[in-house]
Amino acid sequence: MKRKIGIVGATGYTGVELLRLLVSHPAVEITCVTSREHAGSRVDAMFPNLRGYLDLTFTAPSDEALSACDLVFFATPNGIAMKSAQTLLDAGTKVIDLAADFRIKDIAVWEKWYGMQHASPHLVEEAVYGLPELNRAAIRNARLVANPGCYPTAVTLGLLPLVENNLIDVAGIIADTKSGVSGAGRKAEVHTLLAEAGDNFKAYAVAGHRHQPEIAQTLSTIAQTAISPVFVPHLLPMIRGIHATLYAMLTTEADLQQLYATRYAAEPFVDVMPAGSHPETRSVRGANVCRMAIHRPGNGQRVVVLSVIDNLVKGAAGQAVQNMNLMLDLAEGTALQQPGLLP
Ligand SMILES: NC(=O)c1ccc[n+]([C@@H]2O[C@H](COP(=O)([O-])OP(=O)(O)OC[C@H]3O[C@@H](n4cnc5c(N)ncnc54)[C@H](OP(=O)(O)O)[C@@H]3O)[C@@H](O)[C@H]2O)c1
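Residues numbered from 1 in each chain as written. Predicted model: local features only at pLDDT ≥ 70, side-chain atom pairs only at ≥ 80, totals over all residues. Heavy atoms only, no water.

Q: Help me out: how do you make sense of the site of the ligand in this one?
A: For the ligand, the set of nearby residues contains 27 residues, the closest of which are Thr11, Ser35, Arg36, Thr76 and Arg186. Interatomic distance of 2.6 Å between a side-chain N/O atom of threonine 11 and an oxygen atom of the ligand. The separation between an oxygen atom of the ligand and a polar side-chain atom of asparagine 311 is 2.8 Å. In isolation the ligand offers 890 Å² of accessible surface; the protein chains occlude 85% of this area. Elements represented by at least two residues in the shell around the ligand include exactly helix H1 (13-22) and helix H11 (313-327). In terms of residue class, the shell around the ligand is made up of 11 nonpolar, 12 polar and 4 charged. (Near = heavy atom within 4 Å. Polar contact = N/O pair within 3.5 Å; in protein donor to acceptor, adjacent residues only side chain to side chain. Areas by Shrake-Rupley, 256 points an atom, 1.4 Å probe, with all protein chains shown as cover. Helix = DSSP H or I, 4+ residues; strand = E, 2+ residues; numbered from the N terminus. Nonpolar A, V, L, I, M, F, W, Y, C, P; charged D, E, K, R; others polar.)

The structure is reproduced here in structure tokens:
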């Protein structure tokens, strides 16, 4: 029998990406898609790419209706999933939150960065951080998964082999990151207008960005020592894609190409390119893959890792489907095998 799936916030960019991926998943059936603003409208009237794939209308979010699902994705702003998660879990419904409600273990840190009181702090400890390359076994057994942020996915996967093996000076990590505008979601905002974001390039939130404590938490847990990388995001005039350029000083002469190739050899959604490569965001557009290359300029002591993802796929909906597959004991790559869309 197909598993019943609900999506809260199905009119947003990560919501429609979940729909695009899940309509071709053989083991699940989308039964409930919510929108407060568009309740009563057909999904394929808003998203014509889904015509012929999905015969559903948006409904207003209701915990009662969502509790009839086997698993519910929250593709909503921060602070929404935390209000419904306990009710759904009590009903036996598994939950994946694409927002940040369950990502940060220290409640005071979360409340500082997200500017609200946490509605279900008791669930934060239980929630599993949904990076399969790090937490696969725990995700398989989880009821509640905190899907990682888009930048944290690109940065963490890019640094993981170095940090796990204690091969860099962790005090000097710099994560220089760039994202396309779909990272800001579908809601209307001036800074993502074509005439503002097009033909332009800028940094933002240099003084502090919410993804910094998330990256710091994961890296610190892996290294078992406090790590607080410099994290600088930029806005690129493109729709999809994240490019992370990661810098650190090496404390080793180890063969880094071999290290990365071995660490990710069994990972279906991490691609380590040959030495000297430059991964491009367009090579992962629409694909659930983190593609990376490792450099050591001038053969010196500084390592430079280039890591690219599609923010809406490996950075959000694709990774969430990967987590769903693990949680429902399905083959991990189901519905996620498409290569990137080129050109
Ligand atoms: N965009 C990305 O690349 C990306 C990557 C990783 C993670 N994320 C995270 O994923 C989440 C969704 O992002 P997005 O880009 O898809 O956002 P979005 O395009 O702005 O969509 C948000 C969705 O949530 C619904 N919603 C808003 N307020 C709600 C509420 N109070 N209760 C229930 N539903 C509500 C909206 O529909 P209605 O208002 O009609 O209900 C809409 O469908 C965010 O937390 C974001 O930080 C995004």
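There's plenty left to go through after this.
Q: Looking at this structure, how should I read the layout of surface pockets?
A: Picture a little ball the size of a water molecule; that probe, rolled over the atoms, points out where space is still empty. Empty space within the second largest pocket amounts to approximately 320 Å³. Around the second largest pocket sit 16 residues that line it, and Tyr13, Ser182, Arg186, Ile239 and Leu312 are the ones nearest its centre. Here the lining of the second largest pocket spans two domains, and each of domain 1 (3-126) and domain 2 (151-311) adds at least three residues to it. (1 Å grid on protein atoms, 1.4 Å probe; cavity = no way out; pocket = protein on both sides within 12 Å on 5 of 7 lines; lining within 4 Å. Points joined across faces, edges and corners; volume = space filled by probe spheres on them. Domains from an automatic or database assignment.)

Q: What am I meant to see in the pairing of strand S4 (residues 94-97) here?
A: In regular strands, side chains alternate between the two faces of the sheet. With 4 bridges connecting them, strand S3 (residues 71-74) and S4 associate as parallel partners. When the bridges of S4 are listed, leucine 71 appears paired with lysine 94. Crossover handedness for the path S3 to helix H4 (residues 81-90) to S4: right-handed. Here S4 pairs with strand S6 (residues 144-146) via 3 bridges, running parallel. Bridge assignment links isoleucine 96 to a residue of S6, and that residue is valine 145. (Pairing = 2+ DSSP bridges. Right-handed = clockwise from strand over helix to strand, strands pointing away.)

Q: Help me out: how do you make sense of the sheet that holds strand S2 (residues 28-34) in this one?
A: The strands making up a sheet are joined through hydrogen bonds of the backbone, oriented either antiparallel or parallel. Read from one edge of the open sheet, 6 strands run S2-S1-S3-S4-S6-S5, paired in parallel fashion. Sheet topology places S2 and strand S5 (128-129) at the edges, where each strand pairs with a single neighbour.

Q: So what exactly am I meant to see when it comes to the domain arrangement of the chain here?
A: In many reports, interface size means the accessible area that the parts give up when they come together. Domain annotation of the chain identifies domain 1 (3-126) and domain 2 (151-311). Its C-alpha centre places domain 1 at a distance of 27 Å from the equivalent point of domain 2. Counting residues at the interface gives 15 residues for domain 1, matched by 12 residues for domain 2. With both sides pooled, the region where domain 1 packs onto domain 2 buries about 1,200 Å², and carbon together with sulfur makes up 53% of that total. (Contact = heavy atoms within 4.5 Å. Buried area = accessible area lost by both parts, 1.4 Å probe.)

Q: So what exactly am I meant to see when it comes to the UniProt feature "active site" (unreviewed entry) in the chain here?
A: Here, the residues flagged by UniProt with the feature "active site" (unreviewed entry) are Cys150. You can see cysteine 150 is positioned in helix H7 (residues 150-164). (UniProt positions renumbered as here; feature names shortened; annotations may be inferred.)

Q: Honestly, the packing of H1 against H11 in this entry has me stumped. Any pointers?
A: What describes two packed helices is the angle between their axes and the distance between those same axes. Where H1 meets H11, the closest approach of the two axes is 9 Å, and the angle between their N-to-C directions is 50°. As the angle between them shows, H1 and H11 are arranged oblique. For the pair H1 and H11, the crossing hand works out as right-handed. Of the residues in H11, those in contact with Thr14, Glu17, Leu18, Arg20, Leu21 and Leu22 of H1 are Val313, Ala316, Ala317, Gly318, Ala320, Val321 and Met324. Taken together, the residues of the contact of H1 with H11 sort by class into 9 nonpolar, 2 polar and 2 charged. (Axes fitted to C-alpha atoms, helices over the stretch in contact; angles between N-to-C directions. Parallel < 35°, antiparallel > 145°, perpendicular 65-115°, else oblique. Left-handed = near helix turned anticlockwise from the far one by under 90°.)

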